[in-house]
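# Fold and contact review
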Amino acid sequence: PNEEVLNPEKFLPGIVSLRFPNQKNHNLVNRLSPLGICVSAGAACAARSSEIPPIFEAMLGDKAKEDAFLRFSFGSPTTALEIVETVKKIKNIMK
């Protein structure tokens, strides 16, 4: 319900970053993985770091420390049905 697409006007095709307020990256990744949903936490420019990416701090300030940021990548083989099913699974774990 409170998810947020980051920078929808400035995006890289095939990659969507979502913000999940008051959630933790590792918790969401661990809950999505067994459901067959592979995501990356944080920003690609800081993939190997546990620090909050500077871009997220710049956009959100201190709130960035309280939220999860997940990166979803899509390719030409990704179907609309797979996206719909992924959204349903995310909604279920967020209840």
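Residues numbered from 1 in each chain as written. Predicted model: local features only at pLDDT ≥ 70, side-chain atom pairs only at ≥ 80, totals over all residues. Heavy atoms only, no water.

Now for the overall build of the chain. Along the chain, the regular secondary structure elements total three helices and four strands. Helices (α) and strands (β) of the chain occur, in sequence order from the N terminus, as β-β-α-β-α-β-α. For the chain, buried positions account for 26% of its 95 residues. Residue pairs in contact within the chain that sit at least 24 positions apart in sequence constitute 67% of those at least 6 positions apart. (Helix = DSSP H or I, 4+ residues; strand = E, 2+ residues; numbered from the N terminus. Buried < 20%, exposed > 50% of the residue type's maximum accessible area, 1.4 Å probe, protein only. Contact = heavy atoms within 4.5 Å.)

Turning next to the nonpolar core. Membership of the largest hydrophobic core is limited to 11 residues, which are Leu18, Phe20, Leu28, Leu32, Ile37, Val39, Ala68, Leu70, Phe72, Ile90 and Ile93. Elements supplying a minimum of two residues to this core: β2 (15-20), α1 (25-32), β4 (68-73) and α3 (80-94). Here this core gets three residues from one element, more than from any other, and that element is β4. In this structure, Ala68 is in contact with Leu18, Arg19, Phe20, Gln23, Lys24, Asn25 and Leu28, ignoring residues within four places of it in sequence. (Core = buried A, V, L, I, M, F, W, Y, C linked by side-chain atoms within 4.5 Å.)

Moving on: the confidence of the model for the chain. Looking at the chain, pLDDT values average 78 and 62% of them are 70 or higher. When mean pLDDT is compared element by element in the chain, α3 scores highest at 92, while strand β1 (residues 4-5) scores lowest at 60. (pLDDT = per-residue confidence, 0-100.)

A separate point is the pattern of salt bridges. What the rule picks out here adds up to one salt bridge. Of the charged contacts, one joins Glu85 and Lys88 as a salt bridge, the two residues approaching to 3.7 Å between their closest N and O atoms. Linking Glu85 with Lys88, this pair stays in helix α3, spanning three residues, or about one helical turn. Glu85 gets classed as partly exposed once you look at its relative accessible area, which sits at 33%. The class of Lys88 is partly exposed, set by a relative accessible area of 46%. (Salt bridge = Lys/Arg side-chain N within 4 Å of Asp/Glu carboxyl O.)

Before going further, it helps to examine the packing of α1 against α3. Packing of α1 against α3 brings their axes to within 11 Å, and their N-to-C directions diverge by 125°. Comparing the axis directions of α1 and α3 gives the class oblique. The way α1 lies across α3 gives a crossing that is right-handed. Contacts between α1 and α3 involve Leu28, Arg31 and Leu32 from the former and Ile90, Ile93 and Met94 from the latter. For the contact of α1 with α3, a count of residues per class yields five nonpolar, no polar and one charged. (Axes fitted to C-alpha atoms, helices over the stretch in contact; angles between N-to-C directions. Parallel < 35°, antiparallel > 145°, perpendicular 65-115°, else oblique. Left-handed = near helix turned anticlockwise from the far one by under 90°. Nonpolar A, V, L, I, M, F, W, Y, C, P; charged D, E, K, R; others polar.)

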